[in-house]
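Residue-level structural notes
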Amino acid sequence: MEAPRARLLCIVIPCFDEAEVLGHTYAELKRVLSGMAGYRHLIYFVDDGSRDGTLHEMNRLARRDESVRVLSLSRNFGHQVAIIAGIEHAERRADALLVMDADLENPPALIPEMLAQLESGYDVVLGVRRSERRVGLLRRLASRAFYRLFNQLADVPITPDAPDFFLLSPRAREALERMAERRPFLRAMVAWIGFAAARVSYVPPARARGRSKYTPSRMLRLAEDALFAFSSKPARLLLRSGALGALLGLSLLAGVALRGVEGSTALAALAAGIALAVSGVQLAALGLVAGYLVRALEQSRGRPLYFLQQLPDEPRAGDAKLVEMVSRGPVEAQRRRA
Ligand code: UDP
Ligand code: MG
């Protein structure tokens, strides 16, 4: 009898200025993957517009190892978009697709356990950080506050401390691909698609080399995008608090009218205070509405989420035009230099 064909695991790794750590990550991954029976693998490095030698390093690895594929975005589109590009371009026949960071904060040693969970019938397997004591207190508090707020506002809760380190079955991958988010927030998308999810916990090792690319303002932006994309509750709350404020104002006015101007100094002061507070709230409310509007506008423009300046070896059918565009670009020159 013919031996069963090895299953295919595709690994997507977004990289922004990770030249320093890439070789390590590759070596550690290969160490784990080569010890795994029953699976063959393809590693998709996604260069997110790096300014250091990341792309060069990726291409060097790809020349040495057939299982390495390289995609390069035309500029820095951000971590989340880089992951989407990888998911969309990884081999269609993958039996499992893993997303992980480039810095070894998501330990490759966890992969066999994650695959075992997928094989037992789950569609999504999340890597969940067990303790984060090595992260600063402020960042830990901010992260806890975010998860609490998000889960209070969003319709579908997300797993706290599950970073973008997850394994997908083919149908979970396809579900994600069909979401077409303008400002993707994968942690919530992975929850939103549903399907049974398993969790595998780990103690996060420190970043192997290089620095974190997430500044506090970048993190805040991601949190904002997440809330706008996955909750309409703030808009509803706004409507209700507006109605309540109007009611309060009207009754104050009625009070002033009934008691006459002289007897109502205290009431007038109160009314003035409330008017000030209300205008502040109105401004914030306007900002909130603008936030929804900007996002709706972006979604309706329908611009492509990203462009590639280097495609992996097998382009998708829909990439025909892109291939033409890529081959006219400076990539060949870059390859020759590499
Ligand atoms: N990353 C990316 N594009 C960006 C920022 C980050 O592709 O604009 C990648 C980065 O190379 C890493 C992953 O996203 O593989 C997570 O970033 P980082 O380690 O800097 O974030 P942290 O783990 O500190 O939250
Ligand atoms: Mg990291």
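Refer to the structure above for everything that follows.
Quick summary incoming for the structure in this document. (Residues numbered from 1 in each chain as written. Chains lettered and ligands numbered in written order. Predicted model: local features only at pLDDT ≥ 70, side-chain atom pairs only at ≥ 80, totals over all residues. Heavy atoms only, no water.)

**Here's the deal with the sheet that holds strand β8 (residues 308-310)**
Within a sheet, each strand pairs with its neighbour through backbone hydrogen bonds, oriented either parallel or antiparallel. Reading across from one edge, β7-β5-β6-β4-β1-β2-β3-β8 is the order of the 8 strands in this open sheet, with mixed pairing throughout. Each edge of the open sheet is held by one strand with a lone partner, namely β7 (197-202) and β8. Within this sheet the neighbouring strands show an average axis-to-axis angle of 25°, counted without direction. Inspection of the sheet shows strand β4 (residues 96-99) paired to strand β6 (residues 166-168) by 3 bridges, in the antiparallel sense. Across the sheet, Leu-98 pairs through a bridge with Leu-167, a residue of β6. Sitting on the sheet, helix α3 (residues 79-89) is in contact with β1 (7-15), β2 (39-47), β3 (68-73), β4, β6 and β8, with an inclination near 155° to β1. Packed onto the sheet, helix α6 (residues 170-177) meets β4, β5 (124-129) and β6 and runs at close to 100° relative to β6. (Pairing = 2+ DSSP bridges. Helix = DSSP H or I, 4+ residues; strand = E, 2+ residues; numbered from the N terminus. Axes fitted to C-alpha atoms, helices over the stretch in contact; angles between N-to-C directions. Contact = heavy atoms within 4.5 Å.)

**Details of the pairing of β7**
Regular strands show a simple pattern: their side chains alternate between the two faces of the sheet. Only one face of β7 is covered, namely the one carrying Ala-198, Val-200 and Tyr-202; the face carrying Ala-197, Arg-199 and Ser-201 has none of its residues buried. Alignment of β5 against β7, held across 6 bridges, turns out to be parallel. Among the inter-strand pairings, Val-128 is bridged to a residue of β7, identified as Ser-201. (Buried < 20%, exposed > 50% of the residue type's maximum accessible area, 1.4 Å probe, protein only.)

**With respect to the packing of helix α9 (residues 233-259) against helix α10 (residues 265-301)**
Put simply, α9 and α10 touch, their axes get as near as 11 Å, and they point 160° apart. Classified by the interaxial angle, the pair formed by α9 and α10 is roughly antiparallel. Where α9 crosses over α10, the handedness of that crossing is left-handed. Contact residues: α9 offers Pro-234, Ala-235, Leu-238, Leu-248, Leu-252, Gly-255, Val-256 and Arg-259, while α10 offers Leu-267, Leu-270, Ala-271, Ile-274, Ala-285, Leu-288, Val-289 and Tyr-292. Grouping the constituent residues of the contact of α9 with α10 by class yields 14 nonpolar, 1 polar and 1 charged. (Parallel < 35°, antiparallel > 145°, perpendicular 65-115°, else oblique. Left-handed = near helix turned anticlockwise from the far one by under 90°. Nonpolar A, V, L, I, M, F, W, Y, C, P; charged D, E, K, R; others polar.)

**Observations concerning the packing of aromatic side chains**
Considering all chains together, one arrives at 7 aromatic pairs under this definition. For the pair Phe-228 and Tyr-292, a centre-to-centre distance of 4.8 Å together with 80° between the ring planes defines the contact as edge-to-face. Placement of Phe-228 in helix α8 (residues 216-230) and of Tyr-292 in helix α10 is noted, with a sequence separation of 64 residues between them. The exposure class of Phe-228 is buried, given its relative accessible area of 16%. Pairwise contacts between aromatic rings join Phe-146, Tyr-147, Phe-150, Phe-185 and Phe-230 into one cluster. (Phe/Tyr/Trp six-rings, centres within 6.5 Å; stacked < 30°, edge-to-face > 60°.)

**Quick word on the environment of Asp-95**
Inspection of the secondary structure assignment puts Asp-95 in the loop between α3 and β4. The class of Asp-95 is partly exposed, set by a relative accessible area of 28%. Between the C-alpha atoms of Asp-95 and Phe-185, which are 90 residues apart in sequence, the distance is 24 Å. Apart from residues no more than four positions distant in its own chain, Asp-95 is found in contact with Arg-7, Leu-8, Leu-118, Leu-168, Ser-169 and Pro-170. Within the structure, the side chain of Asp-95 is placed 2.7 Å from the backbone nitrogen of Leu-8, a separation counted as a polar contact. (Polar contact = N/O pair within 3.5 Å; in protein donor to acceptor, adjacent residues only side chain to side chain.)

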